[in-house]
Amino acid sequence: MAPTGTLATVGLVHILVTGGAGFIGSNLVDLLLAEGHEVKVIDDLSTGRRSNLAHLEGSIEFHEGSILDVDLVSRIVEGTDLVFHLAAAVGVRNIIEAPLKSIRTNVDGTESVLDACVRHDTRVLLASTSEIYGKASKYPTSEDDDRVIGPTHVSRWSYSTSKALDEHLAFAYAAERGLRMSIVRYFNTYGPRLHENGYGSVVASMTAQALAGEPIVIHGDGKQTRCFGFVGDTIRGTYLAGTTEGALGQAFNIGTSTEISINELAERICRAAGSSSEISHISYDEAYGPGFEDPKRRVPDVTKAAEMLGWSPQVSLDEGLPITVEWWRNNNDHLVATR
Ligand SMILES: NC(=O)c1ccc[n+]([C@@H]2O[C@H](COP(=O)([O-])OP(=O)(O)OC[C@H]3O[C@@H](n4cnc5c(N)ncnc54)[C@H](O)[C@@H]3O)[C@@H](O)[C@H]2O)c1
């Protein structure tokens, strides 16, 4: 279901999507065009792909470049009414292998976007993550709950901290410089255009393994649980948070509260792919090196998004997985070597 025309009521039409060639960003661009908006994208194609936007050639303005390029960002933010800021260094594996680059992209890159938005009086929606809750203080986790983060020598926590610092920056720019901003915290999202480029997305790697008939490799005992949200729901929540007047200055969890173990996820993906792949387990140490920590659960409380945005997830895992698997089947270039 498409969101109701909140942009029309506040007169916003010119929109920039940072990270718009990525998985969630490119799906969001499709929605924005379908809603009749003019869309620009900036993306350095580090994990995003031009092919995600190939069907929109001529309909959007694409800038290949980095959000770390302050002058470029300022130039393309000028004249826009709204920025959806999704560009980020993502994925546990990327963060572990290149922590410095990830921290700089997420913190300096976000400040460059927020600063340009203040200077050009542009509203901004910041894409954050459930990772900011870390190991979480309670389940389901709501927006005001405490963050519980591991030690700084474990580099996976730098992603959580960098995205949390992005949020602090957004709140500080709002308080001190009048930035109009809202924040969404995505829990695990899957769907067409999901990729595995160093990302560590469990749905992506399992789908690739299932379709290739290779063993499905689970990290840990597989009893850890997650909640998987379909990208169509994610972008609808993003759009509403970015355009609803009452969402200004607020952060929203965007995800589903249906919890599933990783073992069960592997079985469902095999079923959706018609695959007879075996399911095997390796330790976190083997997968990521010593010291890796993974929360046992991650469950969002999405009451706030329901009450303030009128948003709730519509697509179940049983509906969304076959759509995702079908997309992978038809996009074989995304089937990367599995780990
Ligand atoms: N997919 C999920 O489950 C999930 C969960 C939580 C949060 N998020 C957040 O959602 C946003 C989008 O993530 P995604 O899953 O679509 O991943 P993605 O890798 O597909 O998208 C990120 C995009 O940002 C681009 N990018 C990276 N560094 C850049 C830079 N310096 N300049 C310009 N572009 C740059 C990449 O090329 C890519 O297109 C990110 O902010 C991420 O932190 C995603």
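Looking at an unreviewed UniProt entry, one finds the chain named UDP-glucuronate decarboxylase and attributed to freshwater metagenome. Looking at the chain in UniProt, the text filed under Subcellular location (unreviewed entry) is "Golgi apparatus, Golgi stack membrane". Database annotation for the chain, UniProt heading Sequence similarities (unreviewed entry): "Belongs to the NAD(P)-dependent epimerase/dehydratase family. UDP-glucuronic acid decarboxylase subfamily."

**Student:** I'd like a rundown of the environment of alanine 21, residues and numbers included.
**Tutor:** Its place among the elements puts alanine 21 in the loop between strand 1 (14-18) and helix 2 (23-34). Residue alanine 21 is classed as buried on the basis of its 26 C-beta neighbours within 10 Å. For the pair formed by alanine 21 and arginine 49, sequence separation is 28 residues and the distance between their alpha carbons is 5.4 Å. When neighbours within four sequence positions are excluded, alanine 21 is seen to be in contact with Ser26, Val41, Asp43, Leu45, Gly48, Arg49, Arg50, Asn52 and Leu53.

**Student:** Explain the packing of helix 9 (residues 262-273) against helix 12 (residues 317-329) to me, using residue names and the numbers behind them.
**Tutor:** Two numbers describe how helix 9 lies on helix 12: the axes approach to 9 Å, and their chain directions differ by 55°. Taken together, the axes of helix 9 and helix 12 lie oblique to each other. The interaxial crossing formed by helix 9 with helix 12 has right-handed handedness. Mapping the contact onto sequence places Arg268, Ile269, Ala272 and Ala273 in helix 9 and Leu317, Leu321, Pro322 and Val325 in helix 12. Residues that form the contact of helix 9 with helix 12 fall into these classes: seven nonpolar, no polar and one charged.

**Student:** So what's going on with the sheet that holds strand 3 (residues 61-64)? Residues and values would help.
**Tutor:** Judged by pairing direction, the sheet is parallel, and its seven strands sit side by side in the order 3-2-1-4-5-6-11 without closing on themselves. In this open sheet, the two edge strands, each paired with only one partner strand, are strand 3 and strand 11 (251-254). Adjacent strand axes in the sheet meet at a mean angle of 20° when their direction is disregarded. Of the strand pairs in this sheet, strand 1 and strand 2 (residues 38-43) are connected by five bridges, and their pairing is parallel. In the strand pairing of strand 2, valine 17 is matched with valine 41. Against the sheet, helix 5 (residues 99-119) contacts strand 1, strand 4 (82-85) and strand 5 (123-129), and its axis sits at roughly 170° relative to strand 4. Where helix 6 (residues 156-177) meets the sheet, it contacts strand 5, strand 6 (181-186) and strand 11, and its direction lies at approximately 155° from that of strand 5.

**Student:** How would you summarise the nonpolar core if you had to cite specific residues and measurements?
**Tutor:** Within the largest apolar cluster, 83 residues are counted, with the highest numbers of intra-cluster contacts made by Val17 and Val124. Excluding residues that lie within four positions of it along the chain, valine 124 makes contacts with Val83, His85, Val113, Leu114, Cys117, Leu179 and Met181.

**Student:** Tell me about the environment of aspartate 115, and name the residues and values.
**Tutor:** Within the fold, aspartate 115 resides in helix 5. Taking the number of C-beta atoms within 10 Å as the measure of exposure, aspartate 115 has 18 and is therefore partly exposed. Taking the C-alpha atoms as reference points, aspartate 115 and alanine 170, 55 residues apart in sequence, are found 9.6 Å from one another.

**Student:** If you had to explain the environment of serine 137 to someone new, which residues and values would you point to?
**Tutor:** You can see serine 137 is positioned in the loop between strand 5 and helix 6. Since 11 C-beta atoms lie within 10 Å of it, serine 137 is described here as exposed. Setting aside its immediate chain neighbours within four residues, serine 137 contacts Asp145, Asp146 and Val148.

**Student:** Tell me about helix 2, residues and numbers included.
**Tutor:** Taking 1.5 Å as the rise per residue, helix 2 with twelve residues should run 16 Å; its terminal C-alpha atoms sit 17 Å apart, in good agreement. The complete set of buried residues in helix 2 reads Phe23, Ile24, Gly25, Ser26, Asn27, Leu28, Val29 and Leu32. Taken together, the buried residues of helix 2 touch strand 1, strand 2, strand 4, strand 7 (189-190) and helix 8 (231-243). Among the residues trailing helix 2, glycine 36 stands out with phi positive, at a value near 90°.

**Student:** Before we move on, could you go through the site of the ligand and cite the residues and values that matter?
**Tutor:** Lining the immediate surroundings of the ligand are 28 residues, of which Gly19, Gly22, Thr47, Gly48 and Ala88 lie closest. Contributions of two or more residues to the shell around the ligand are made by helix 2, strand 2, helix 5 and strand 5. For the shell around the ligand, the leading source of residues is helix 2, giving three residues. A breakdown of the residues in the shell around the ligand according to their chemical character gives 14 nonpolar, twelve polar and two charged.

**Student:** Lay out unusual backbone geometry with the relevant residues and their values.
**Tutor:** Geometrically, the link from tyrosine 139 to proline 140 is a cis peptide bond, its omega value of -15° lying close to zero. As for its position among the elements, proline 140 is in the loop between strand 5 and helix 6. The phi angle at leucine 45 is positive, at roughly 60°, despite the residue not being glycine. Looking at the secondary structure, you find leucine 45 in the loop between strand 2 and strand 3.

Conventions used here
Residues numbered from 1 in each chain as written. Predicted model: local features only at pLDDT ≥ 70, side-chain atom pairs only at ≥ 80, totals over all residues. UniProt positions renumbered as here; feature names shortened; annotations may be inferred. Helix = DSSP H or I, 4+ residues; strand = E, 2+ residues; numbered from the N terminus. Buried ≥ 20, exposed ≤ 12 C-beta atoms within 10 Å, placed from the backbone. Contact = placed C-beta atoms within 7 Å. Axes fitted to C-alpha atoms, helices over the stretch in contact; angles between N-to-C directions. Parallel < 35°, antiparallel > 145°, perpendicular 65-115°, else oblique. Left-handed = near helix turned anticlockwise from the far one by under 90°. Nonpolar A, V, L, I, M, F, W, Y, C, P; charged D, E, K, R; others polar. Pairing = 2+ DSSP bridges. Core = buried A, V, L, I, M, F, W, Y, C linked by C-beta atoms within 7 Å. Expected span 1.5 Å × (residues − 1). Near = placed C-beta within 6 Å.

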